[in-house]
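Per-entry structural report
So the chains spell out like this:
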Amino acid sequence: MDILKVLSRGTKRTAKGAGHAGSTPAKLPSSTSVAATNPQLYHDEVRGQKRKRSKTARQATDYHATEELPQVDFFAPQNEPNPKPHDSASKNGERASSPVPKPAKRITEDECRQILRSHRLKVTLMSKQEDEPKKVKKSKKKSTAAATEESKKDDKKKAQLFPQPLETFGQLRSTYRISRRVSENLVAQSYRVPTEVQLGSLPLLLQPEQALGDYDVEGLENGVDFLAVAPTGSGKTISFLLPAINHIMRRRGMNPNDPGATTTQHDLEAVILVPTRELAHQIANEGLKLLQGTSIKIMAMKKQMNLETEERELAEDSESENEDDDENDDEDSEDSEDNKHNKEGRPKRINKATAAKPDILVTTPQLLLNFLTARSATTHRVLPDVRDLILDEADVLLDELFREATMGVWSACTNADLRVSFWSATMGSNIETLITDKLQSRAQRLGVQPKPFVRLVVGLKDTAVPNIVHKLVYTASEQGKLLALRQLLHPTSADDSGPPLRPPFLVFTQTIDRAAALHEELKFDIPLEAGGAARIAALHSGLPESARASIMRAFRAGDIWVLVTTDVLARGVDFAGVNGVVNYDVPGSSAAYVHRAGRTGRAGREGGVAVTFYTKEDIPFVKTVANAGAGAGESTVQKWLLNALPKVNKADRKTLRERGVASRRTGATKARITSTSGYDRRKANNRQGAIEGSKRRKTQQDDGGDEEDAGWGGIDD
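Residues numbered from 1 in each chain as written. Predicted model: local features only at pLDDT ≥ 70, side-chain atom pairs only at ≥ 80, totals over all residues. Heavy atoms only, no water.

Going by the annotation in an unreviewed UniProt entry, the name recorded for the protein is ATP-dependent RNA helicase, with Cordyceps militaris given as the source organism. As stated in UniProt under Sequence similarities (unreviewed entry), the record for the protein gives "Belongs to the DEAD box helicase family. DDX52/ROK1 subfamily." One UniProt comment on the protein, placed under Catalytic activity (unreviewed entry), says "ATP + H2O = ADP + phosphate + H(+)". (UniProt positions renumbered as here; feature names shortened; annotations may be inferred.)

By the definition in use, this model includes 8 aromatic pairs. With 5.3 Å between their ring centres and 50 degrees between their planes, Y474 and Y614 make a pair best called tilted. In this pair, Y474 is assigned in strand β14 (residues 468-476) and Y614 in strand β19 (residues 608-615), connecting sequence segments 140 residues apart. The interplanar angle of 90 degrees and the centroid separation of 5.1 Å between the aromatic rings of F555 and F575 together place this pair among those described as edge-to-face. One end of the pair, F555, is in helix α21 (residues 545-557); the other, F575, is in the loop between β17 (562-565) and β18 (580-583), with 20 residues separating them in the sequence. On the accessibility criterion, F575 (4% relative accessible area) is buried. The aromatic ring of F162 is capped on one face by R113, whose charged end is 4.4 Å from the ring centroid. The ring of F371 has R381 lying over it, and the distance from NZ or CZ to the ring centre is 4.1 Å. (Phe/Tyr/Trp six-rings, centres within 6.5 Å; stacked < 30°, edge-to-face > 60°. Helix = DSSP H or I, 4+ residues; strand = E, 2+ residues; numbered from the N terminus. Buried < 20%, exposed > 50% of the residue type's maximum accessible area, 1.4 Å probe, protein only. Lys NZ or Arg CZ within 6 Å of the ring centre and 35° of its normal.)

Within the fold, D513 resides in helix α20 (residues 512-522). The exposed category is assigned to D513, whose relative accessible area is 64%. Considered as a pair, D513 and R665 are 152 residues apart in the sequence and their alpha carbons are 9.0 Å apart.

So, on to the environment of Q171. Assignment of secondary structure puts Q171 in helix α7 (residues 171-174). Look at Q171 and you get buried, because its relative accessible area is 14%. C-alpha of Q171 to C-alpha of P203: the two residues are 32 residues apart in sequence and 9.6 Å apart in space.

Residues three or four positions apart in an α-helix share a direction because the helix packs 3.6 residues into each turn. Among the 11 residues of helix α9 (residues 196-206), 11 are classified as buried, and the element is accordingly described as predominantly covered. Taken together, the buried positions of α9 are E196, V197, Q198, L199, G200, S201, L202, P203, L204, L205 and L206.

Right, let's get into the sheet that holds β14. Strand pairing in a sheet relies on backbone hydrogen bonds. The paired strands run either parallel or antiparallel. In spatial order, the strands read β14-β19-β18-β15-β17-β16; together these 6 strands make up an open sheet with parallel pairing. Strand pairing shows two members of the sheet lacking a second neighbour, β14 and β16 (536-539), which therefore form its edges. On average, adjacent strands in this sheet sit at an angle of 20 degrees to one another, irrespective of strand direction. Of the strand pairs in this sheet, strand β15 (residues 505-508) and β18 are connected by 4 bridges, and their pairing is parallel. Paired with F505 across the two strands is G580, which belongs to β18. The strands touched by helix α19 (residues 478-489) within the sheet are β14, β15, β17, β18 and β19, with β19 carrying the most contacts at an inclination of about 160 degrees. Sitting on the sheet, helix α22 (residues 590-597) touches β14, β15, β18 and β19, and the angle it makes with β18 is about 145 degrees. (Pairing = 2+ DSSP bridges. Axes fitted to C-alpha atoms, helices over the stretch in contact; angles between N-to-C directions. Contact = heavy atoms within 4.5 Å.)

So, about a positive patch on the surface. On the surface, K650, R653, K654 and R657 cluster together to form a positively charged patch. Within the secondary structure layout, K654 lies in helix α25 (residues 650-659). K654 gets classed as partly exposed once you look at its relative accessible area, which sits at 42%. (Patch = residues over 30% accessible without salt bridge, like charges linked within 9 Å, V, L, I, M, F, W, Y side chains within 5 Å. Areas by Shrake-Rupley, 256 points an atom, 1.4 Å probe, with all protein chains shown as cover. Salt bridge = Lys/Arg side-chain N within 4 Å of Asp/Glu carboxyl O. Lys, Arg positive; Asp, Glu negative; His and termini not counted. Charge placed at Lys NZ, Arg CZ, Asp CG, Glu CD.)

One pass over the structure, following the stated rule, counts 28 salt bridges. For R251, the salt bridge identified is with E269, shortest N-O distance 2.7 Å. Remark: E269 occurs in the loop between α11 (236-251) and β6 (270-273) and R251 occurs in helix α11; sequence separation between them is 18 residues. With relative accessibility at 30%, the residue R251 sits in the partly exposed group.

Over its 12 residues, α19 runs 17 Å from end to end, which matches the ideal 16 Å to within 8%, given 1.5 Å per residue. With 9 of 12 residues buried, α19 lies mostly within the body of the structure. Turning to α19, its buried residues are E478, G480, K481, L482, A484, L485, R486, L488 and L489. (Expected span 1.5 Å × (residues − 1).)

Printed below as a string of structure tokens:
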């Protein structure tokens, strides 16, 4: 059965079971009708009772009645003219925004605890604050161990917070006073019910004093440093874009109640660091949707882009960088004549006329660091106006591959009021320790009080999304993997191993060479009647940026059904209509599996499938991946198989994470992606070798005879 028959199947139901490949599954992420009206992943019962969500659900369902329609005062004077914003909106065909409602009442700590626990949210204060010593009460005899356990319990209770949650997006206007234009843009983008990460993070980032009013936490007036660990596709992008936009508008005095408020000031005040260019362009596009009708600019950085920065002399000791800068300030102020002749003096703004002037910049760390360090060997550029530094996919940005570049950009943000936030679906304890140490050392170097550092965890750390099906398929060899992938393209009715996989889907490989080879092998598997080779494409970092952008557009538009790629698309990239993910090569870690599988099942959509192929060589490394899938949601992995799989030692896990499976990295014959048999490959190689040898001998016969006679000088030669 070819893919044309699968995609053009009629609407009549057959007698086959719902789990067979011949029947159309009830739910698919690519179906717009399946897009969840409530994108929240967790709805647990608390204390034997369901969480009281009737009022919230009614507000979300009848959103047009409470938020979109204006409130009418029947006792107001009848001769009041309509406001100008309403007239301009009606002329343009837009909906007039409603007036700001009264602020919502604060809920009690017990209600906050119940809501947060039902959504599996855990908020922890990570920064250590000095507390007043407690008075020791005289009591009956207690053992030292019991006293230690009680003190640990007190510290745990103290560290865990239960802030005010965001139950509806309407509270962004009523309670947290965001811009009316931004609120209208949210409504236009169909945001109704906040996801778990939005429910817990937005109050803390917009107004931490309002969210943590019941707790005695110092330094909230300057904001908080924030770490969020939330599943893939749970709305993290909106969670960090909204606060950054709101902070910029507040600092510039733009009236949040005026939908047409504009400003001529354009200073770079927020930097968003991401690991890939595709993710940078995606976040910039999401920001453009939120900023429609405002004067704030968001840009994705490109090569040769110029920014308005300051130049400072390089300090001999990086630890005393700011102290040296202060001394240089004094010297520059005393010797103004030398400054006129010294082109490298600071403070000095550069390239004001030709520089791009974004308010929010989205970039990869190495691209921005190259710009900051490219001007001179004795000076470096800094970003003194940046007050929000956002690290999306922070665990990768702070890993060994990106760490140096990320730290370089972080050090270039010299503003003492800098707020830093970290976002990812996976976060190791070593990365959390690195972040905490960096925040404390930076505060000590600048001589300022460190901001409260708050961590939000949604669900269980390092687990895949719970709303997709996880499948583990043993293929024995590399040729078996190719046959199994072709079986997904040409399913049969006999396959009852779970929900079938329907295009469009992603196929992940370990290396660029393997992605290109797999694309060459599969590009003729789809018949011409269904689009042929144009339906399959490969995307990797070896392609030019224009080609990568073109492939991304075609895949989002549905012109490409099967996209073969590497881990360049494993993180952050949002494909709302991807029906499944195929791990052609086993991921190098559980975190890599979580992010790969997270390309489907976005925003609460159900029906996605994540399939992982493994061979004999992969058996020692499969258990980590299998546990990540089996612990998340529905899985076809049997428990006996998990128990039978061997455990991976620490050294092997590190090697696999950094280098992958050795045979696939070196391009060994056994790991080659091809459908040609070994006998035919040897025959072709022998024939090619015979042809080359014949040419070599012929060349030697034509050119070598005279040289041998002329060059012979006897035995002593």
